[in-house]
Every structure is written in C-alpha cells, then in structure tokens.
Amino acid sequence: MNALAADLLRWYDANARVLPWRSNPSPYRIWVSEVMLQQTQVETVIPYFERFMQRFSNLEALAKANQAEVLQLWEGLGYYSRAHNLHKAAQLVLQKHEGQLPHTYAELLTLPGVGSYIASAIASIAFQQPFPTLDANCRRVYIRLLNLQAPLGTPALERKLGEYAEQLLPQERPGDFNQAVMELGERICTPKTPLCEQCPLQNICQAFAQGTQNSLPQRYAKPPVPHYTVTAAVITQDQQVLIAQRPANGLLGGLWEFPGGKLEPQDVSLEDCLKREIREELGLEITVEKEFGVYHHAYTHFKITLHAFLCTLLPGQSTDSLRHVRWVKPAQLTDFAMGKVDRQIARRLQQSPLPAP
DNA sequence: AATGCGTGGCG
DNA sequence: TCGCCAAGCAT
C-alpha cells in the first residue's frame, strides 16, 4: 500500500465519525445513504436516513411502498428525482435481481439514479471492490495535494484526477480509503479556511507548500441567477383548500402545491397573473379575495418572490374532471409532500382559521 | 456537453 | 444579506 493511503487510513481509523450507515453497513443502507448524500451534507442527511430506514428497513419494503409515501419521507431533502429513481430502482432490483443489489460496477450503473460516483461507492464500500470515488470532496483534496490550477470541470483536469485516484486507491480496504478521502475533505480539507494544521497529509500537500490552498479548487464564474415574481392561489371552499400535483418530472416533480405561476409581461397586476395562471392550468375562474403572505426562496438556478392569495371559485366552477387536484382540510396538508415555500403556506393555513363561508 | 435539479449552513 | 457550496445524475 502506498504511503499516502496508509497515512490516511491511520487517520481514518482514529478519527472516523460514527454514522448511521456505517453501523450495520448493508448494501441497501449504503445505497440509500449515497443517494441521499448526493449534493447534500452529512448533517442534513442523518435524520432523513434514520426516518427512511425506520419506515423502509429493507429493499423489499421500499419497493412495495407507495410513491407518495416515499416522496413524503423525502420532503425537504430536495432533488426529488432521487426519490423517484431510488424507488424505481428498488422495484427493478426486486423483480430482476431477486431483491439483491447487484455486485458489479457495470450492473450498478444501469440502475436509475446510480451514476459513476454511486456505483463506485457501493462497489467499494459495500462489496470491497477497488473502484475509486471522485466526488466534490475527493476532487478538492486531490487538486490541493497536486496544486492543480485548472478550473473544475475541464477535461484535462478530470482525466488527471481520475488517474490520480486510481493510482492512490489501495487494494485493501478500498471502501474505507474512499470514505477517508471524503471525510478528510469534509472535515479538514474544507472549501474555505481548511484546517491544514490538523491534516495528516500536510507534509505531502503541494498547495500547502505553495500557500495556495485557499484559492483551490478554481471554478468558472457562475452566471447570475434570474429573479421571478410568482403568484399562488389558496382556493378555499367549505373549509377545504385546493392543492395540485406537479408533473412527475422537472422542478419539484410529483410534489403538491398551491397552483399559480410566473408574472408575465402582459399581466397588469398580480391578481391578473393569478387569474390567468389558474385559467390556463386548471381551466377555473376565480375571485382573488385577499393577500396571504409574501415568500422569498432561492432555487439552484433562479430566485422567486411569491405572493399568495386567498381565493374562491366563481359560481358554477367544478374541479370534478381535474385528475391532479385535491380538496383537503388544512389539517390534512401534512399528508402531501410539498416544496419549502408551499409548505410554509400550508403551515400558515393550519395556524389561521379559514374564512367562514 | 451544457444545463436543470432543492435545500440548509456558513462566512 | 447574499453568494457559495455540498458523498452527482439525467438528458
């Protein structure tokens, strides 16, 4: 084993945190943890993982679950296609692999939601196979060790990182090595103000030697994010409110919301915007009664300011033919998975009585 | 291959 | 307050 791997594994053995997916590390638990950890930090994932495992303690339980319940347990974690893909993949494994997660990298890669990182992570951590992981932590650690100045994402850099990861990976304990690099990146070799004094690799780190660690890795500047004004309708009737389910794919796919949409140039007012959106999306005519809060939120690629309004249906309007809407009492809103803003609106509804008919 | 996809924590 | 960043994947 190379000296770097030996040093790092020694550090890991002495410092590795106790994490739920490290105790009782079944392939299923490791898989779920890796999907949840995608673009999401360890501290955020822990409570979600615990709840998920309590409800779906094995692959078969997950495969047989309702999609709605899976989504509900995922609410707040974001990137909801992960939940859809995980659920689909569990059903696929149950049908075609007799409930056993495949052992090979190539087979893992065919599962929906499993890409090169997660396939390597499962193969190495669950099945002790020598596949190097290359996530954001590993990239940062290797870029600093080698003092690489190229911006993230450039092909030459990616190739170099892949070769380096391959070269460092020990045949023994590949899964622990991968986790050690990631945990070093998360706790010591952090994006801002890394704790180089505590780093077991300080003496071989070229960025530390040059004093460049704080400016690595380099990135391309991100384009400015657009800001939209959005309206949402809280349509009430007989002490119930109308919610609508979003399309299965795309932003907040499959989640429930208070219907509405973006303010367009032709809208002369927020009220105008909301009436138009409800007409276009649901074919319903509404009366906009009263403001119900202003909400700010930042998604990955844009920001919104959302104006919610209490509304009522005009006489003669019916929702009977609409498949993706439900009338629910405020207390029931908890049963429907929602994004953050709509959940805030739902909570406010649960705290304030609806207007009397 | 460039872009869309959530949310929370941090400085 | 606000931009940055995170155990990436799909298309």
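Residues numbered from 1 in each chain as written. Chains lettered and ligands numbered in written order. Predicted model: local features only at pLDDT ≥ 70, side-chain atom pairs only at ≥ 80, totals over all residues. Heavy atoms only, no water.

(A) Structural view of the protein's contact with DNA strand C. Around DNA strand C, the structure places 25 residues, and the nearest of them are Leu37, Gly113, Asp135, Asn137 and Lys303. Here DNA strand C approaches the protein such that, of its atoms within 4 Å, sugar and phosphate make up 68%. Between DNA strand C and the protein, one listed contact pairs a phosphate oxygen with a backbone N or O atom of Ser116 at 3.5 Å. In this structure, Tyr117 approaches DNA strand C through a main-chain N or O atom, which is 3.2 Å from a phosphate oxygen. For the surface near DNA strand C, the elements supplying multiple residues, two or more each, are helix H2 (27–37), helix H8 (116–126), helix H9 (136–146) and helix H11 (174–187). Across the surface near DNA strand C, the residue classes break down as eleven nonpolar, seven polar and seven charged. (Near = heavy atom within 4 Å. Polar contact = N/O pair within 3.5 Å; in protein donor to acceptor, adjacent residues only side chain to side chain. Helix = DSSP H or I, 4+ residues; strand = E, 2+ residues; numbered from the N terminus. Nonpolar A, V, L, I, M, F, W, Y, C, P; charged D, E, K, R; others polar.)

(B) A look at the protein's contact with DNA strand B. The immediate surroundings of DNA strand B are formed by 17 residues, with Thr40, Tyr80, Leu252, Ala298 and Thr300 found nearest. For DNA strand B, the fraction of protein-proximal atoms (within 4 Å) that sit in sugar or phosphate groups is 53%. For DNA strand B, a base nitrogen lies 3.1 Å from a polar atom in the backbone of Gln39. His297 is positioned such that a nitrogen or oxygen atom in its side chain is 3.1 Å from a phosphate oxygen of DNA strand B.

(C) Seen up close, the pattern of salt bridges. For the structure shown, the criterion picks out 18 salt bridges. Between Arg173 and Asp13 there is a salt bridge, with its nearest N and O atoms 2.7 Å apart. Highlighted residues: Arg173 in the loop between helix H10 (155–168) and H11 and Asp13 in helix H1 (residues 3–15), separated in sequence by 160 residues. Members of the salt-bridge network, linked through shared partners, are Arg17, Arg22, Glu43, Glu183, Glu186 and Arg187. (Salt bridge = Lys/Arg side-chain N within 4 Å of Asp/Glu carboxyl O.)

(D) Geometry of helix H13 (residues 270–282). In this model, H13 (13 residues) spans 18 Å end to end at C-alpha, consistent with the 18 Å of a helix rising 1.5 Å per residue. Residues of H13 that are buried include every one of Cys273, Leu274, Arg276, Glu277, Ile278 and Leu282, and no others. If you follow the buried residues of H13, they end up packed against strand S1 (227–237), strand S2 (240–245), strand S4 (260–262), strand S5 (286–298), strand S6 (303–313) and strand S7 (325–328). Remark: Gly283 follows H13 within two positions and exhibits a positive phi of approximately 70°. (Expected span 1.5 Å × (residues − 1). Buried < 20%, exposed > 50% of the residue type's maximum accessible area, 1.4 Å probe, protein only. Contact = heavy atoms within 4.5 Å.)

(E) The environment of Leu9, seen in detail. You can see Leu9 is positioned in helix H1. Judged by relative accessible area, which is 4%, Leu9 ranks as buried. Sequence separation between Leu9 and Lys192 is 183 residues, and the spatial gap between their C-alpha atoms is 24 Å. Ignoring sequence-local partners within four residues, the contact set of Leu9 consists of Met1, Pro170, Arg173, Asp176 and Phe177.

(F) Inspection of the nonpolar core at higher detail. Tyr28, Trp31, Met36, Phe52 and Trp74 are the most contacted members of the largest nonpolar core, which totals 46 residues. The residue makeup of this core includes at least three contributed by each of domain 1 (3–215) and domain 2 (227–351). With 31 residues, the next largest nonpolar core counts Leu4, Leu8, Cys138 and Leu161 among its residues. (Core = buried A, V, L, I, M, F, W, Y, C linked by side-chain atoms within 4.5 Å. Domains from an automatic or database assignment.)

(G) The arrangement of the packing of H2 against H8 in detail. Contact pair H2 / H8: the axes reach a minimum separation of 10 Å and the direction vectors enclose 150°. Viewed along their axes, H2 and H8 form a crossing whose handedness is right-handed. Across from Pro27, Ile30, Trp31, Glu34 and Val35 in H2, the residues of H8 making contact are Tyr117, Ile118, Ala121, Ile122, Ile125 and Ala126. Across the contact of H2 with H8, the residue classes tally to ten nonpolar, no polar and one charged. (Axes fitted to C-alpha atoms, helices over the stretch in contact; angles between N-to-C directions. Left-handed = near helix turned anticlockwise from the far one by under 90°.)

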